[in-house]
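Given next are the chains, with one letter for each unit.
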Amino acid sequence: PSTIAKLTGIPTVGDFRTADMAVGGQGAPLVPFLDYILFRSKKKNRLLLNLGGIANITVLPKNCSIGEVTAFDTGPANMIIDALMKKLYGKPFDRAGRVAQSGTVIPGLLSWMYHQDYFECRPPKSTGRELFGEHFMSKLFEKSAGKRNKDVVATATEFTARSVRDQYLRFVHRKVHVDELIVSGGGVHNKTLMVMLRRHFSPVPVLPVEHLGVSSDAKEAILFAILANETIAERPSNVPGATGAKKPVILGKICL
């Protein structure tokens, strides 16, 4: 942010996570603040799912206060799928989920992918490449040796969808029965992943965030613009129920 401020001559706000970590939070996820502002409903219990590298959910009980908002990472979203596509096909991602659609899920491999302590941990929690990065991928390639490439990609895609469902049932469903699931992030373009999510959450409607008038691809940009505004206005914008912080704090550093 300091470099951008000097090159543009525009005050720049960045490094939002560390202030939350300073009061005992994990510094993530940050998107629940935006979800609360834009998508809270007076009539519906909503579950907001963001499918980036990692999948995270925000639980918005109808007519909730920000103190009632909870959120956490459910596990990988596109991270493993993209890594497989790069290694096996030399492509950055599975466009529209076509490779996964052509494959068949491998039950034994899927079961192995679930053997992670993270899925047992109670929220608030967050994860990333430290758990589902290079070490996980090297083990995955070892376990999937001899399997058809498209079946491995299909299994990773099912793993994403099923882990979202699993974490919802473990940690959300008993407290809040959702009326609709709203999906954003790059994974919303993976048609096979969306079909899998609809199967796992049926009869709950699974809708792209465009249904509520916001671009899936722009959502995180909107988030950080709003967080920057709150920082300049000296207002807290972390959500302790999502990050585990001891209290609300002003996030970010202002570079003049």
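Please read all numbers here as calculations on a predicted model, not as lab measurements. (Residues numbered from 1 in each chain as written. Predicted model: local features only at pLDDT ≥ 70, side-chain atom pairs only at ≥ 80, totals over all residues. Heavy atoms only, no water.)

Undergrad: How do you make sense of the nonpolar core when you look at a structure like this?
TA: Within soluble globular proteins, side chains that are nonpolar tend to cluster in buried spots. By size, the foremost hydrophobic cluster in this structure holds 26 residues, and its most contacted members are Phe16, Leu30, Phe39, Leu60, Val69, Leu223 and Leu227. Within the residue set of this core, elements represented by two or more residues are helix H3 (32-39) and helix H11 (219-232). Excluding residues within four positions of it along the chain, valine 69 makes contact with Pro32, Tyr36, Thr58, Val59, Leu60, Cys64, Val239, Gly241 and Ala242. (Core = buried A, V, L, I, M, F, W, Y, C linked by side-chain atoms within 4.5 Å. Buried < 20%, exposed > 50% of the residue type's maximum accessible area, 1.4 Å probe, protein only. Helix = DSSP H or I, 4+ residues; strand = E, 2+ residues; numbered from the N terminus. Contact = heavy atoms within 4.5 Å.)

Undergrad: Sorry, what's going on with the sheet that holds strand S5 (residues 180-184) here?
TA: To summarise the sheet geometry, strands pair through backbone hydrogen bonds and adopt either a parallel or an antiparallel arrangement. The strand order S4-S3-S2-S5-S6 describes an open sheet built from five strands, whose pairing is mixed. Strands at the two margins of the open sheet, each flanked by one partner only, are strand S4 (70-76) and strand S6 (206-208). Neighbour-to-neighbour, the strand axes of this sheet turn through a mean angle of 25 degrees, independent of strand direction. Judged from the five bridges that link them, strand S2 (residues 46-51) and S5 form a sheet pairing that is parallel. Residue leucine 47 lies in a different strand from S5, and its bridge partner there is leucine 181. Across the face of the sheet, helix H9 (residues 149-171) comes into contact with S2, strand S3 (54-60) and S4 while running at roughly 145 degrees to S4. Against the sheet, helix H10 (residues 191-201) touches S2, S5 and S6, its axis set at about 145 degrees to S6. (Pairing = 2+ DSSP bridges. Axes fitted to C-alpha atoms, helices over the stretch in contact; angles between N-to-C directions.)

Undergrad: How should I be thinking about the pairing of S3 in this particular structure?
TA: Sheet faces and side chains relate simply in a regular strand, where the side chains alternate between the two faces. Summarising burial for S3: seven of the seven residues are buried, a large majority. Side chains Ile54, Asn56, Thr58 and Leu60 of S3 all project onto a buried face; the interleaved residues Ala55, Ile57 and Val59 project onto the opposite face, where all are buried too. The pairing of S2 with S3 spans six bridges and is classified as antiparallel. Following the sheet pairing, leucine 51 is matched in S3 by alanine 55. Linking S2 back to S3 in an antiparallel pair, the connection comprises two residues. Summarising the sheet, S3 and S4 pair through six bridges and their orientation is antiparallel. Bridge pairing in S4 places alanine 55 opposite glycine 75.

Undergrad: What am I meant to see in the side chain of aspartate 73 here?
TA: Locating aspartate 73 in the fold gives a position in strand S4. Looking at aspartate 73, its side chain comes within polar contact range of the main-chain nitrogen of threonine 127, at 2.9 Å. Beyond its immediate chain neighbours, meaning those up to four positions away, aspartate 73 contacts Pro29, Ile54, Ala55, Asn56, Tyr118, Lys125, Ser126 and Thr127. (Polar contact = N/O pair within 3.5 Å; in protein donor to acceptor, adjacent residues only side chain to side chain.)

Undergrad: Can you help me understand the packing of H3 against H11 in this one?
TA: When two helices pack together, their arrangement is given by the angle between the helix axes and by the axis-to-axis distance. Remark: H3 packs on H11, axes separated minimally by 9 Å, with the N-to-C direction vectors making an angle of 95 degrees. The angle between the axes of H3 and H11 places the two elements in the roughly perpendicular class. For the pair formed by H3 and H11, the contact residues are Phe33, Leu34, Asp35, Ile37 and Phe39 on the first element and Lys219, Ile222, Leu223, Ile226, Leu227 and Glu230 on the second. Counted by class, the contact of H3 with H11 contains eight nonpolar, no polar and three charged residues. (Parallel < 35°, antiparallel > 145°, perpendicular 65-115°, else oblique. Nonpolar A, V, L, I, M, F, W, Y, C, P; charged D, E, K, R; others polar.)

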